[in-house]
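The lines below spell out each chain.
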There are 2 protein chains.
Amino acid sequence: MKKPNLTSNDIAKHLGVSQSMVSRAFNPKASISDEKRTYILEGAAKLGYKPNALARSLISNRSGLIAIALDSSANPMYDLQARMLASEIQAKGGHAILCPISNGDLDSAIQRAFEYQVDGLIIATSRLSSNVIEQCEQYGVCLSFINRYIDGFRANSVGLDNDDAGNQAADYFFKKGCSSFAFVGSEGGSMTCELRWNAFHRRTLELGLAEPIRISASFDIESGMQAAEQLINSSHKVDAVFCANDIIGIGFIEGLKMHNQGGYKIIGVDDIPMASWPSYQLSTIKPPTDIICKSAVEDLFGRINGNNEKTGNYILFKGTLVERAS
Amino acid sequence: MKKPNLTSNDIAKHLGVSQSMVSRAFNPKASISDEKRTYILEGAAKLGYKPNALARSLISNRSGLIAIALDSSANPMYDLQARMLASEIQAKGGHAILCPISNGDLDSAIQRAFEYQVDGLIIATSRLSSNVIEQCEQYGVCLSFINRYIDGFRANSVGLDNDDAGNQAADYFFKKGCSSFAFVGSEGGSMTCELRWNAFHRRTLELGLAEPIRISASFDIESGMQAAEQLINSSHKVDAVFCANDIIGIGFIEGLKMHNQGGYKIIGVDDIPMASWPSYQLSTIKPPTDIICKSAVEDLFGRINGNNEKTGNYILFKGTLVERAS
DNA sequence: ATGAAAGCGCTAACAC
DNA sequence: GTGTTAGCGCTTTCAT
């Protein structure tokens, strides 16, 4: 069971200093002589002392805890993001509390995270009631969105520049000599998807090409396959397909294979590991996920520490087109 | 910035009761009249009060925080596990702290998690220094392994029954009329892999078949592909291949495709979503991940709450063979 | 069943 | 630079 913790008081007694000195030794910006600091730090290490972050948080009103709300989706992209966010949070001296949104109680987990005095909440899911978001305001919990966009809240949004992604896709197809474009993605619902479509659509027209067609698909393999089937069976003579993400793109390729079709230029978004697998060789727009996560955490901690107060920002990063066989 | 928190004291004053009564109202097994409890609970909710879990943890010496150490591997299996573990922990009233093991400082993140008084640590990676594990003993942090096996520590290990998996693979191949088996997996290092090989090997001999050959491969697509190439170029007339996991299995299939080869029965382990993708149709041994995670968390909380003290156990669950085209 | 009081381990404001 | 003191918000005796 739980062993009795060694406290700063114990250390102080053992080393013949006051308890505050022990506290100061562990606080880099406290005024204490170097001599004493090393003496205490070494002594504490020898005795196996570790400061109690809970007690520190209680008094300092800063827990260093950040909750990450994420979908239980099968898209590896989200997990990668969550892991990267957690790493960045740790690098900043905090810790990430993982809040997967399970079907049942949508946000009770996050409600309880608030009881742990989380300093911030990063939302990487769309399935979150605005109730939670309102509580962020109420409790003063800083809020960030990753690749999500919800207006009207004191939050910033960090993610891929979807506008640019749509443009890049159209430009790439055009450069490759394609002239009849299609877009596959969810209809309504996803703001991300809508932005990609809008830019892709606009740029296609700017290039003097015909109106691109839009095929509806949710974010899974099967939907991508169905989209391919649908396109094959239609009368459209499309030669380039922009898929809202790699999962759909891979599904689309699977659909083509199944019907022994080909001849389309295909681009996805995300550059999940599977996109590079030999069977797919899916060209894709790769978001700078490391930069996005780092930037999101930086922004969040900036607000937590009161360095920047600004909210309502979209901090966007351009993706890079990874050209593969598709 | 951080708003001043509403405390139980504030609530007490507002409602004209003592602070202890507010505390009791929130503690299901405290002695308080139903009348008062509902009165306080409703009043608190109206005022927007939430108890401070940090303060509770400080006094009760139980944080409800569980750290999950996981690799930053590209295997979707690990992320799924992490998410499921987090959900189970939440279901038990706790919270999961995500500790991805980044390349640099192997366990400094976990060291710091100890400062947050985590009640337990679930290890889902092999890249963890035993230093951390020793600290678990020292600090009285309960320890669990998921699909990992390290002896000599006060910990339990929950996961797939690798023995049974090896047997199932050999039996399945035999049933399908195959007679010359190969195994692809990492050499040394992974205990998991070793157990699967051992059982597969033993059962193959028990079936009266020839010694299975063993091809070395690390846990990534490329290694799987190389293994296929190696087998193709060798003189072995293998007709069935047991891959240590799905990633290797998919790589193996990719390798075969690349050389226009076929005719092997192939089985993987994990049943990651990609195994069912049309291009692979990889038969696989599917671990009951939900049960494994639930059981791991249950066992861990059992020890944390002092209900069961037993350690050194292997809690194993049999996988089910998912038969696909491969 | 209820209230008063002690104290969990720490930080920070205050003296010196 | 260092020691003393007062809490952070809660749970838990201990009275009543």
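Calculation notes
- Residues numbered from 1 in each chain as written.
- Chains lettered and ligands numbered in written order.
- Predicted model: local features only at pLDDT ≥ 70, side-chain atom pairs only at ≥ 80, totals over all residues.
- Heavy atoms only, no water.
- Helix = DSSP H or I, 4+ residues; strand = E, 2+ residues; numbered from the N terminus.
- Rg over C-alpha atoms; globule rule 2.2 N^0.38 Å.
- Buried < 20%, exposed > 50% of the residue type's maximum accessible area, 1.4 Å probe, protein only.
- Contact = heavy atoms within 4.5 Å.
- Near = heavy atom within 4 Å.
- Polar contact = N/O pair within 3.5 Å; in protein donor to acceptor, adjacent residues only side chain to side chain.
- 1 Å grid on protein atoms, 1.4 Å probe; cavity = no way out; pocket = protein on both sides within 12 Å on 5 of 7 lines; lining within 4 Å.
- Points joined across faces, edges and corners; volume = space filled by probe spheres on them.
- Nonpolar A, V, L, I, M, F, W, Y, C, P; charged D, E, K, R; others polar.
- Pairing = 2+ DSSP bridges.
- Axes fitted to C-alpha atoms, helices over the stretch in contact; angles between N-to-C directions.
- Least-squares fit on C-alpha atoms with pLDDT ≥ 70 in both.
- Expected span 1.5 Å × (residues − 1).
- UniProt positions renumbered as here; feature names shortened; annotations may be inferred.
- Salt bridge = Lys/Arg side-chain N within 4 Å of Asp/Glu carboxyl O.

Draft legend 1. Quick look at the overall build of chain A. Scanning chain A for helices and strands turns up twelve helices and twelve strands. Taken over the C-alpha trace, chain A has a radius of gyration of 25 Å; the compact-globule value for 326 residues is 20 Å, which it surpasses by more than 25%. Its C-alpha atoms give chain A principal-axis dimensions of about 85 × 40 × 40 Å. Residues classed as buried in chain A amount to 56% of the 326 residues present. Across chain A, contacts joining residues at least 24 apart in sequence account for 68% of those joining residues at least 6 apart.

Draft legend 2. Quick look at the protein's contact with DNA strand C. With respect to spatial proximity, 22 residues lie near DNA strand C, and among them S8(A), S23(A), Y49(A), M21(B) and R24(B) are the closest. Backbone atoms, meaning sugar and phosphate, make up 62% of the atoms of DNA strand C lying within 4 Å of the protein. Here a base nitrogen of DNA strand C sits 3.1 Å away from a polar atom, N or O, in the side chain of S20(B). Those elements that place two or more of their residues in the surface near DNA strand C are helix 2 (19-26) and helix 4 (53-60) of chain A together with helix 2 (19-26) and helix 4 (53-60) of chain B.

Draft legend 3. Expanded view of unusual backbone geometry. Non-glycine residue Q117(A) carries a positive phi angle of around 60°. Position of Q117(A) relative to the elements: it lies in the loop between helix 6 (108-115) and strand 3 (120-124). One non-glycine residue with positive phi stands out, namely D271(B), at about 55°. Checked against the element boundaries, D271(B) lands in the loop between strand 9 (265-269) and strand 10 (283-286). Note on D271(B): relative accessible area 15%, which makes it buried.

Draft legend 4. Examining empty space enclosed by the protein more closely. Here the structure, examined in full by the defined rule, presents five cavities of 30 Å³ or more. Each pocket or cavity is described by its volume, and for the largest cavity that value is around 60 Å³. Taken together, L70(A), D79(A), A82(A), R83(A), L98(A), L70(B), D79(B), A82(B), R83(B) and L98(B) make up the lining of the largest cavity. Mapped by element, the contributors of at least two residues to the lining of the largest cavity are helix 5 (76-91) of chain A together with helix 5 (76-91) of chain B. Along the lines of polarity and charge, the residues of the lining of the largest cavity split into six nonpolar, no polar and four charged.

Draft legend 5. Fine view of the sheet that holds strand 9 of chain B. Residue and element names in this part refer to chain B. Within the open sheet, the six strands sit side by side as 7-6-8-9-10-12. Their pairing is mixed. The sheet terminates laterally at strand 7 (213-216) and strand 12 (320-322), the two strands that pair on one side only. Across the sheet, the axes of successive neighbouring strands diverge by a mean angle of 20°, strand direction being ignored. The sheet contact formed by strand 10 and strand 12 spans three bridges and is antiparallel. When the sheet's bridge partners are listed, K286 is paired in strand 12 with T320. With respect to the sheet, helix 9 (residues 191-206) is in contact with strand 6 (181-185), strand 7, strand 8 (240-243) and strand 9, its orientation differing from that of strand 6 by roughly 175°. Sheet contacts for helix 11 (residues 246-258): strand 6, strand 8, strand 9 and strand 10; angle to strand 9, the most-contacted strand, approximately 150°.

Draft legend 6. View of the relation of the copies chain B and chain A. Turning chain B through 180° and shifting it by 0.1 Å along the axis lays it on chain A, with an RMSD of 0.2 Å. The relationship between the two copies is best expressed as a two-fold rotation axis. Taking C-alpha positions as the reference, the residue of chain B nearest the rotation axis is I97(B), at 2.2 Å. The share of interface residues of chain B whose copies in chain A are also at the interface is 100%, consistent with both copies meeting through the same surface.

Draft legend 7. Helix 12 (residues 289-304) of chain B, seen in detail. Residues and elements named next belong to chain B. If you check helix 12, its first and last C-alpha atoms are 22 Å apart, about what 16 residues at 1.5 Å a residue would give, namely 22 Å. T289, I292, C293, S295, A296, V297, D299, L300, F301, G302, R303 and I304 are the residues of helix 12 that are buried. In the core, the buried residues of helix 12 are packed alongside strand 1 (65-71), helix 5, strand 3 (120-124), strand 4 (142-146), strand 5 (155-160) and strand 11 (314-317).

Draft legend 8. Broad picture of the layout of surface pockets. Computed from the structure, the largest pocket encloses a volume of approximately 940 Å³. In terms of lining, the largest pocket is formed by 26 residues, of which the most central are F26(A), N27(A), P28(A), R56(A) and S60(A). Those elements that provide at least two residues to the lining of the largest pocket are helix 2 and helix 4 of chain A together with helix 6 (108-115) of chain B. Along the lines of polarity and charge, the residues of the lining of the largest pocket split into nine nonpolar, ten polar and seven charged.

Draft legend 9. Expanded view of the UniProt feature "domain: HTH lacI-type" (unreviewed entry) in chain A. The UniProt record marks residues 6-60 of chain A with the feature "domain: HTH lacI-type" (unreviewed entry), using the residue numbering of this structure. Helix makes up 69% of residues 6-60 of chain A and strand 0%, and the two end C-alpha atoms of the span are 21 Å apart.

Draft legend 10. Expanded view of the protein's contact with DNA strand D. Taken together, 21 residues are adjacent to DNA strand D, and S20(A), M21(A), R24(A), S8(B) and S23(B) come closest. S8(B) has a polar backbone atom sitting 2.4 Å from a phosphate oxygen of DNA strand D. Contributions of two or more residues to the surface near DNA strand D are made by helix 2 and helix 4 of chain A together with helix 2 and helix 4 of chain B. Here the residues of the surface near DNA strand D are counted per class, giving eight nonpolar, ten polar and three charged.

Draft legend 11. Broad picture of the pattern of salt bridges. Residue and element names in this part refer to chain B. This model, assessed by the stated rule, comprises 28 salt bridges over all chains. Note that R303 and D299 form a salt bridge whose closest N and O atoms lie 2.6 Å from each other. Here R303 and its partner D299 are both found in helix 12, four residues apart, which amounts to about one turn of the helix. By relative accessible area, D299 is classed as buried at 8%.

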